[in-house]
Each structure stands twice: as C-alpha cells, then as structure tokens.
Amino acid sequence: MNRAKCIAYSISDGWRGIFHNLMMSLISYSMLVGSLLVVGSLVMLVLNIDSIIEGVGDRNEILIYVSEDATDPELETVASAAARITHVESCVFVSRESALESMKEELSDYPSILEGMEEDNPLRDSFRIRVDDPENAEAVEKALSGIPKVEKVQARADVIESFLKTRSAVNLISIGLMVLLGVISFFIIMNTIRISAYTRREEIGIMRMVGAEKSMIRLSFVTEAVIITLAGSLTAYFLTMLLYNELLAKTLENTGLLSVVPFADNAFAMLAAFVAVSLVIGIAGSLFSINRYLRV
Amino acid sequence: MTRNDLEAGAASSAPVILFQNVEVTYSNDVRALNGVDLRVDEGEFLFISGESGAGKSTMIKLITGELKPTAGTLLVNGYRMDKLRAGKIPALRRTLGVVYQDFRLIKTMTAEENVAFAMRVFGARKSAIRERVAYVMDLVGLSGKMKSRPTELSGGEQQRVAIARALVNNPSLIIADEPTGNLDPIRSYEIVELLSKINRLGTTVVVITHDYELLRKFAHRVIYIEKGNLAGDRVLRETGKEPGPV
C-alpha cells in the first residue's frame, strides 16, 4: 500500500464528492459566504466605530470656565484641584485674552463677527483639562463641577458615551451573530457531509471491506468539507472587501464627515480569521458526521 | 476425499482459518456460536451450510473482523482475531476478498470501475490497475462487459463482477456470503464453478450457502452449523449423504 498515493486518492475522492452532492455543497457554500459576509461587515463596522472613538479621544478635552470674579490665588487653587483629580492628564490655563486671540485666528475670514470684542471681551478665563481615557470623561466632569469658582464644565462625555454605547451594542450583536451563524454553518456542513456519506455508504462499506483505513476514508470527507468551507471563506473575504471598498468606504468618504478605516489595514487578519473559521467548521463538521458510517 | 483425509493433508500446511472452541454471545444474551472448532487449510474449498439463524453469518463476521469472539481462539491468515486491535483490521482485510449475496456494486460505476475501485483506494498505479483488472475480468468471463454498468448486467454477471473485485487485490482467502442467493440454479452453478476455478488457481475459498443442490454437485468439503454448533463436516458427493448433522 502506497500511503502517499492513498492520501492523494482520498483527496481527489473528496473533490469528486462535492459534485456527487452538488446541491448540498452549493447550499453549504452559500450559507458560509453569507454568514462570513455578515460577520466581516460587522467587524469592519466595529473597527470604524473604534476609530471614531479614538478620534474623539484625541480631542478628549474638558473645558472649565471659572467665574469672572475669581482672583489669581483662586485660579491657582482651581488649577491644582483639577490636576489632583484621578484620570486628569493635564490642566492648562487659557486666559480670556488668549482665548480671544485664538478665536480671532479661527474666525479670521469673518472679522465682522468679532467687531467690538476687543473693547468688551465676553470670553472668560478657562482651563483645558485633558483626560486619560474617554471612558473616564464623565467621572472627571463630575469631579470638576464640584471645584469652587468653576462655573461651567463643557465636556464631550455625552458624545463619547453614545459612541461607546453604540460600540458595545454592535460588539454584542456581532458576537451573537458570529456564534449563531457559526453554529448554523457548522450544522449545514455536518448535514452536507452526512448526506454525502449516506449517498456513498455502499462505497464506504466496500472500502472498509477491502481494507481501506478509516483515516483515509475520513480524509476524503474532510477534504470535501474543507474545500467547500475554504471556497466559502475566500469568496466571503473578497465580497467583504469589495462591498466595503466600493460601497461603504466610498459613500462615507464622499460625505466628508468621517475618515474610514482602510480595508487593507485589517485584510490579513480578516483573511486569516476567515480561513481559520472555515477550517474548524469544515474539519469538525465532517468528522462529527462521518463516524457512524465507519463502523463496518 | 473424507474429512480425515482433509485433516491429514492439512496437517502439513498452516491453517488459513482456525477456530478453537470459539464462542459468540451477543449483547442481548443470544449465543450465536457455541464452542466451534474448525480448521481450513491453504488451498481448500469449504462450504458452510445450515439453517437461517444457525450462526453461519456470525462465522463470516468473525473471519472478516466485524465481530470478535466472546471466548476461544480464532486465527485468520495469521491474525489472532480474538486479540486483534481495531487498527489492524484493515491489514487483515487486505488479505481477504469478500463476496456478498446482493453483489454490492456501485451503480454509478462501470464493471471495470467497480473492480478497479478496490485497487484505487490503495493508491495502485494506473498501469497496474489496468493490467490486473483486465486479467480478473477475463478470469470471470466478463472481458466484453468492462464498460457496462451494473444495471446493464444480469444477476449472474453482477456477481461475477463482485468476484472479480474480491480477487483484484490477490487475496489468499475468498469469503462468499450466500453468493448464489439471488440467482437462478444455472447461474448459481456457474458462480460456484467460477469460485472452484479460482480455488484451483490456489486461493482458499469459503462459501456460505443454503443450496443443497450445489453442495451435492460440487465435491467440496461442507460443514453444517446447527444452533451455533458444528454439527457436520464432510464431502457430500462422495459420501452420498444428505446435508445435515452427521
């Protein structure tokens, strides 16, 4: 017995099995493509939400405005109290004069808006507080509100919070869908191989009777399943890339509102994950379903 | 030839099959074999006969490794079947050729492909397969039907293809489980004649049959199984006795 040729035979037999059982093979393939496409799209959505949250995090500042009658020692007290709050990374004083200068620069194209402001500056002294993590912004905001002479706290915590909530929801939906679609794909592959084994049960019986090893027969069915799942995962990968790049990314870029995460940044990880998932589903599904036909 | 002659002749060669006080009790407490002793030597042709449920099929299952003896010692082609690990069963089966009553041909394959299939699963070279398949198909008298599918063949021809498949890997022992059960008397005779021809070429052949006409027509050794016991062991045509317990 030539083991290498036996393996080659089992693999080619697995390939033939796909066409023996074409309808079920196509159903399994389509199901896996659909499942991975949904999962892939959700992963890209999560990555984009993460990117937005990080972007918000870059400007993760809280502005506090102090009352007009605050004296210099009181300002120093506010600065040191703010700096002592946990999660505060920095605290920078912005005088009302420098705030006006910044505004002048930002609104240089609209000088009429600023007319008369130099004589009667409406801005107040403020502090720019930088927080270490967007998730801690709300707690810092509360702590800052309690400092004497602080009149107003202007934070982005609400925006961050809504993004974090969205991310959590999408994460939860993604994980739920991944598990659900994974289980469905697994059972469909299992049934495909079970039907394939059933239609070829006489062949399997004869193979067993002439002395073919169980491992060689298993290899044939594992090959059949893995070809289906691998083809499904590669198709899903390219479809996800195509849909993302040509549809979603272009649409978002055209709005000019957001900068989307390039697909290429995560291409390898996604391909590896798709291939790994397809291998696990293919191998486990076929092994579970073939055993009962090997008892001869 | 008498049983004693057979035993005397057999003493000089190693047994192909050796049952020593073999017992089989199924999980439902049904005792299928009850301390059977049997020796089949190289080059022998043996009929196993007996009524339905007597234990004939159990003996075949023991020989092919589908079943293990509950007690006793069983040797097949040098393998200790009572101690054989599951992983070694394929190696044993590669020394056997098995023929079934219902032919068990794959309907989507031609006669040639059905026979070649038994070689292909072991990764045999294409040229070796072509050569060997042509030889065995010629041996069973079906050279002209190589491209026919099972549905295009008569029952006798299908059984010949099954015999060719059993022969193709050159086994030292052919086991035929009721090979004439689905055939008319003339085809049955032809099939046993073919198995006898294969036996004359040196292969040990064991055939299970209910057909007493066949037992009378062929001067081969017959063992009779009754309620799990070996109740008879003789050559019918020479003794002129009816089949059944001695």
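Preceding this section is the structure that the text describes.
> Describe the pattern of salt bridges, with residues and values.
Opposite charge on two side chains permits pairing when their charged atoms draw close. For the coordinates displayed, the defined rule picks out 21 salt bridges over all chains. Of the charged contacts in the structure, one is a salt bridge between Glu-224 of chain A and Arg-200 of chain A, with a shortest N-O distance of 3.6 Å. One end of the pair, Glu-224 of chain A, is in helix H8 (residues 214–255); the other, Arg-200 of chain A, is in the loop between helix H6 (157–199) and helix H7 (201–210), with 24 residues separating them in the sequence. On the basis of relative accessibility, which here comes to 0%, the residue Glu-224 of chain A falls in the buried class. For the salt bridge of Arg-94 of chain B with Glu-213 of chain A, the shortest nitrogen-to-oxygen distance reads 3.8 Å.

> Help me get a handle on the packing of aromatic side chains, residues and values and all.
Residues and elements named next belong to chain A. Counted by the stated rule, this structure contains nine aromatic pairs over all chains. Geometrically, the ring pair formed by Phe-186 and Phe-187 is edge-to-face, given 5.5 Å between the ring centres and 85 degrees between the ring planes. Taking relative accessible area as the criterion, Phe-187 reaches 45% and is therefore assigned partly exposed. With a centroid separation of 5.8 Å and an interplanar angle of 85 degrees, the aromatic rings of Phe-186 and Phe-288 are classed as edge-to-face. Linking Phe-186 in helix H6 with Phe-288 in helix H9 (residues 267–290), this pair joins segments that are 102 residues apart in sequence.

> Help me get a handle on the pairing of strand S8 (residues 204–208) of chain B, residues and values and all.
All names here are of chain B. Taken across its five residues, S8 has five buried, putting it largely inside the fold. Both faces of S8 are covered, namely the face carrying Thr-204, Val-206 and Ile-208 and the face carrying Val-205 and Val-207. Here strand S7 (residues 173–177) runs beside S8; their pairing, made up of five bridges, is parallel. In the sheet register, Leu-173 faces S8, and the bridge partner there is Thr-204.

> Let's hear about the sheet that holds strand S4 (residues 71–76) of chain B: which residues, and what values?
All names here are of chain B. If you trace the four strands from one edge of the open sheet to the other, you get S2-S1-S4-S5, paired in antiparallel fashion. With partners counted over all chains shown, the strands left at the sheet margins are strand S2 (31–41) and strand S5 (79–80), one partner each. In this sheet, S2 lies alongside strand S1 (residues 15–25) in antiparallel orientation, the contact comprising eight bridges. From the neighbouring strand, Thr-25 faces S2, where its bridge partner is Arg-31.

Rules used in this analysis
Residues numbered from 1 in each chain as written. Chains lettered and ligands numbered in written order. Predicted model: local features only at pLDDT ≥ 70, side-chain atom pairs only at ≥ 80, totals over all residues. Heavy atoms only, no water. Salt bridge = Lys/Arg side-chain N within 4 Å of Asp/Glu carboxyl O. Helix = DSSP H or I, 4+ residues; strand = E, 2+ residues; numbered from the N terminus. Buried < 20%, exposed > 50% of the residue type's maximum accessible area, 1.4 Å probe, protein only. Phe/Tyr/Trp six-rings, centres within 6.5 Å; stacked < 30°, edge-to-face > 60°. Pairing = 2+ DSSP bridges.

Fair warning: the whole summary comes from geometry, so function is off the table for now.
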